[in-house]
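Inside the fold
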Amino acid sequence: MISGPTSPPQLSVHLLNFAAEDPGSWEHLIERAVEAEAAGVDRVVVSDHVAFGEDLDAYGDPRAGGSEGARQPTGPDGCWLEPLTVLAAVSTRTSRVRLGTSVLLATLRTPVVLAKSVATLDALSGGRVDLGVGVGWQRAEHDAAGRSFERRGEELDACLALVQRLWREPVVHLPSGPVHQMPKPKQPGGVPIWVSGRSTNRRVRERVARFGSGWIPWGDDARDPRAGIAAMRAAMAAAGRDEDALAVTTSLPEDPAELTDLVAAGVTDFRVGARNLDGASLDEVVARFRELTSAG
């Protein structure tokens, strides 16, 4: 088996920053984040959509960038809160838990504005942000934002390159001239970037190797990331980066033996959906998780 990073596996909770209908108040979302921190959860993550067209079948179509058989949790008229704004609100009510996106559609924002927004959130939260990014699956959303759906992979690479430069360099020299952007993120070297995508996609492997601190598996990899981890680690090594430093997330399995196998394969972060606790409290989930991972 492949040995992964030596630090203990982490537990994340996916907050529901969306609803099929307007709930009237979103205080329950903030309270859930506060509860997660109190229970000892390592990270809370939120999703991203800025607009919807009316064809949601593409979410279940791998040819469009979706995942086979997947279904959107709301209709096109569902309510979706902007993730960076949500995490800013969560940061004011928490002090330890990390704040992540899974995933942010980065190319729907201009790189210079995205860099500023994420650096601000990292500064205000004391260096707790993880930026998970992906290319998305919905053409109508890109059309509405005036972005190219066909070129979204290429544009994501260009976006991440500029964002990291703005976070790391005191002056960035662009064709338009020198650019200063302060403050920098609180975390040295900038906010960690987690790249979502399939391991069978060469562009995704290259994106992880070039920009990624972590990988968010998608499609078949989300169901079993073990083979994909090997491919991603090989891509990291080929790019001259430390393959052992790659963070990988997947859903928390019910079978303790499977959890042990995933940790041995290189999974570093297990995520549980707020809807998938089966009546257990977060305190109980965290206690059981710590018991299983420490025993392993």
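Residues numbered from 1 in each chain as written. Predicted model: local features only at pLDDT ≥ 70, side-chain atom pairs only at ≥ 80, totals over all residues. Heavy atoms only, no water.

1. Thoughts on the pairing of strand S3 (residues 43-46)
Of the two faces of S3, the one carrying Arg43 and Val45 and the one carrying Val44 and Val46 are both buried. One ladder, built from 3 bridges, connects strand S1 (residues 10-14) with S3; its direction is parallel. Directly across from serine 12, in S3, lies its bridge partner arginine 43. (Buried < 20%, exposed > 50% of the residue type's maximum accessible area, 1.4 Å probe, protein only. Helix = DSSP H or I, 4+ residues; strand = E, 2+ residues; numbered from the N terminus. Pairing = 2+ DSSP bridges.)

2. A few points about the side chain of serine 199
Counting through the fold element by element, serine 199 comes out in the loop between strand S9 (193-197) and helix H6 (202-211). Look at serine 199 and you get buried, because its relative accessible area is 8%. With residues near it in sequence (within four places) discarded, serine 199 still touches Arg205, Trp215, Asp221, Gly228, Ala231 and Met232. (Contact = heavy atoms within 4.5 Å.)

3. Considerations on the sheet that holds S9
Taking strand neighbours around the barrel as the criterion, the 8 strands line up as S1-S3-S5-S6-S9-S10-S11-S12 in a closed arrangement whose pairing is parallel. With strand direction ignored, the average angle separating the axes of adjacent strands in the sheet is 25 degrees. When strand S6 (residues 129-133) meets S9, the two strands line up parallel, connected through 3 bridges. Looking across to S9, one finds that leucine 131 is bridged to isoleucine 193. Of the strands in this sheet, S3 and strand S5 (98-101) are in contact with helix H2 (residues 83-91), which crosses S5 at around 170 degrees. (Axes fitted to C-alpha atoms, helices over the stretch in contact; angles between N-to-C directions.)

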